[in-house]
Amino acid sequence: MASYAISVMEGDGVGKEVTRSALEILGSVSSASGVSLDFTPAPAGDAVLAGTGEALPQQSLSVIRGSDACLKGPVGETAAAVIVKLRQVLDLYANIRPAKSMPGVPCLRPDIDFVIVRENTEDLYRGLEFEVADGVVAMRVTTTKACARIADRAFRLAMGRKAKKVVAVHKANVMRKSCGLFSSACREAAARYPAVSFSEMYVDAAAMNLIRSPESFDVIVTTNMFGDILSDEAAQLVGGLGIAPSANLGDKFAIFEPVHGSAPDIAGKGIANPVGISLSACMMLEWLGESREDRKCGDAASALRAAIERAVQKGAKTPDLGGSLTTEKMTREIVAELRR
Ligand code: IPM
Ligand code: MN
């Protein structure tokens, strides 16, 4: 029986609560499906910095590198030193952020179903900021390689979807060279995928159109910072950050995490929504299933997704979704659906 080594970073704030929930749910998925998951902690974040002097200790990085995949909770103030660094060091160049309406969750429209494919290794996220005589200069890095591979990733993803539409979101009217390079790479990819319809949109217009007609989007491919901003907007369209999952994909390794942050305002209260991290765990099982050609793992992912959806549709909700369940009770509802 295949067994997967999963590194687990619980992170800060609500991270501990939602990660515990995800592990409980995965434990139940594992016994129901026969997919064996072996969890190893990879501590990192604010608390680890306070305790060890390092936000991302070498030991944790080794655990992550040695695993098949990583499941990660949100990190607080040290996020740049942890997740932004991991994305770059492990070359996890594609950040996949689906936005899909969920029956039972109040959302802007019932028929939203799109995915943001966010470049994940460069742009302003390289953190190249320099003090100069009269202020600060920040460098935006855009390479041909990163543009080409994120564009290709978006078209490949679109090929597997019904609508097969890619829109490249940028601001090439102002950032003529950097966004210009991104736009050309997307056009070149478009020429290689004639079955996919392709268009381009400036990021300001995209921000507006996401509210005006979110159902018209299928795959959005964009640069790192724009993708960060638009993915929070996208999450809100379908019910909020509490339910938004994401995958940081490289060619051979991937980290899965909820889109939400450490939420210090509700940390420790036991009311954080475990759906965001659980759907991320679901993406992890899907990715393992595909990359390891493990049918059982793919089936386990489908069963988990269905259980989460059924629980929510039956009214199991934490306060962020207008319900009154605690994280623990919500977890129990999902586990109960898994056993059904
Ligand atoms: C995200 C987060 C991170 C980002 C932060 C925590 C550094 O907002 O994953 O979207 O900006 O990428
Ligand atoms: Mn973000």
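What counts, and at which threshold
- Residues numbered from 1 in each chain as written.
- Chains lettered and ligands numbered in written order.
- Predicted model: local features only at pLDDT ≥ 70, side-chain atom pairs only at ≥ 80, totals over all residues.
- Heavy atoms only, no water.
- Helix = DSSP H or I, 4+ residues; strand = E, 2+ residues; numbered from the N terminus.
- Contact = heavy atoms within 4.5 Å.
- Buried < 20%, exposed > 50% of the residue type's maximum accessible area, 1.4 Å probe, protein only.
- Axes fitted to C-alpha atoms, helices over the stretch in contact; angles between N-to-C directions.
- Parallel < 35°, antiparallel > 145°, perpendicular 65-115°, else oblique.
- Left-handed = near helix turned anticlockwise from the far one by under 90°.
- Nonpolar A, V, L, I, M, F, W, Y, C, P; charged D, E, K, R; others polar.
- Near = heavy atom within 4 Å.
- Polar contact = N/O pair within 3.5 Å; in protein donor to acceptor, adjacent residues only side chain to side chain.
- Areas by Shrake-Rupley, 256 points an atom, 1.4 Å probe, with all protein chains shown as cover.
- Phe/Tyr/Trp six-rings, centres within 6.5 Å; stacked < 30°, edge-to-face > 60°.

Visitor: How should the environment of I266 be read in this particular structure?
Guide: Checked against the element boundaries, I266 lands in the loop between strand 12 (254–258) and helix 9 (275–291). The sequence separation of I266 and G13 amounts to 253 residues, and the corresponding C-alpha distance is 8.0 Å. Those residues in contact with I266 that sit more than four places away from it in its chain are V14, E17, I271 and A272.

Visitor: Would you explain unusual backbone geometry in this entry?
Guide: The phi torsion at K164 lies on the positive side, around 50°, for a residue other than glycine. Here K164 lies in the loop between helix 5 (144–159) and strand 8 (165–170). Positive phi, normally seen in glycine, also occurs at E293, with a value near 50°. Inspection of the secondary structure assignment puts E293 in the loop between helix 9 and helix 10 (295–313). Given the relative accessible area of 75%, E293 is considered exposed.

Visitor: How do you make sense of the packing of helix 5 against helix 6 (residues 178–192) when you look at a structure like this?
Guide: The angle between the axes and the distance between the axes are what describe a pair of packed helices. In contact at an axis separation of 8 Å, helix 5 and helix 6 are set at 40° when each is read in the N-to-C sense. By the angle between their axes, helix 5 is oblique relative to helix 6. Two packed elements cross with a definite hand, and for helix 5 against helix 6 that hand is right-handed. Only L181, F182, A185, C186, A189, A190 and R192 of helix 6 make contact with helix 5, whose side of the interface consists of T144, C147, A148, I150, A151, D152 and F155. Broken down by class, the residue content of the contact of helix 5 with helix 6 amounts to eleven nonpolar, one polar and two charged.

Visitor: Teacher, can you tell me more about the site of ligand 1 here?
Guide: Every residue close to ligand 1 is listed here: A79, V84, R87, R97, R118, Y125 and D228. Between an oxygen atom of ligand 1 and a side-chain N or O atom of R87, the distance comes to 2.7 Å. One nitrogen or oxygen atom from the side chain of D228 is found 2.9 Å from an oxygen atom belonging to ligand 1. Its free accessible area being 320 Å², ligand 1 has 74% of it covered by the protein chains. In terms of residue count, helix 4 (residues 79–89) provides more of the shell around ligand 1 than any other element does, three residues in total.

Visitor: What's the story with the packing of aromatic side chains in this structure? I'm lost.
Guide: Any aromatic ring pair is given by two values, namely how distant the centres are and how the planes are angled relative to each other. For the structure on display, the rule yields four aromatic pairs. Their ring planes at 55° and their centres at 6.0 Å tell us that F114 and F217 sit as a pair that is tilted. Of this pair, F114 sits in strand 5 (residues 113–119) while F217 sits in the loop between helix 7 (203–212) and strand 10 (219–222), placing them 103 residues apart in sequence. A relative accessible area of 0% means that F114 is categorised as buried. Given the relative accessible area of 6%, F217 is considered buried. Seen in terms of ring centroids, F256 and W287 are 5.9 Å apart; in terms of plane orientation they differ by 50°. Their pairing is tilted. Of this pair, F256 sits in strand 12 while W287 sits in helix 9, and the two are 31 residues apart along the sequence. Of the two residues examined, F256 and W287, each falls in the buried class.

Remember that the coordinates give geometry; whether it matters functionally is a separate question.
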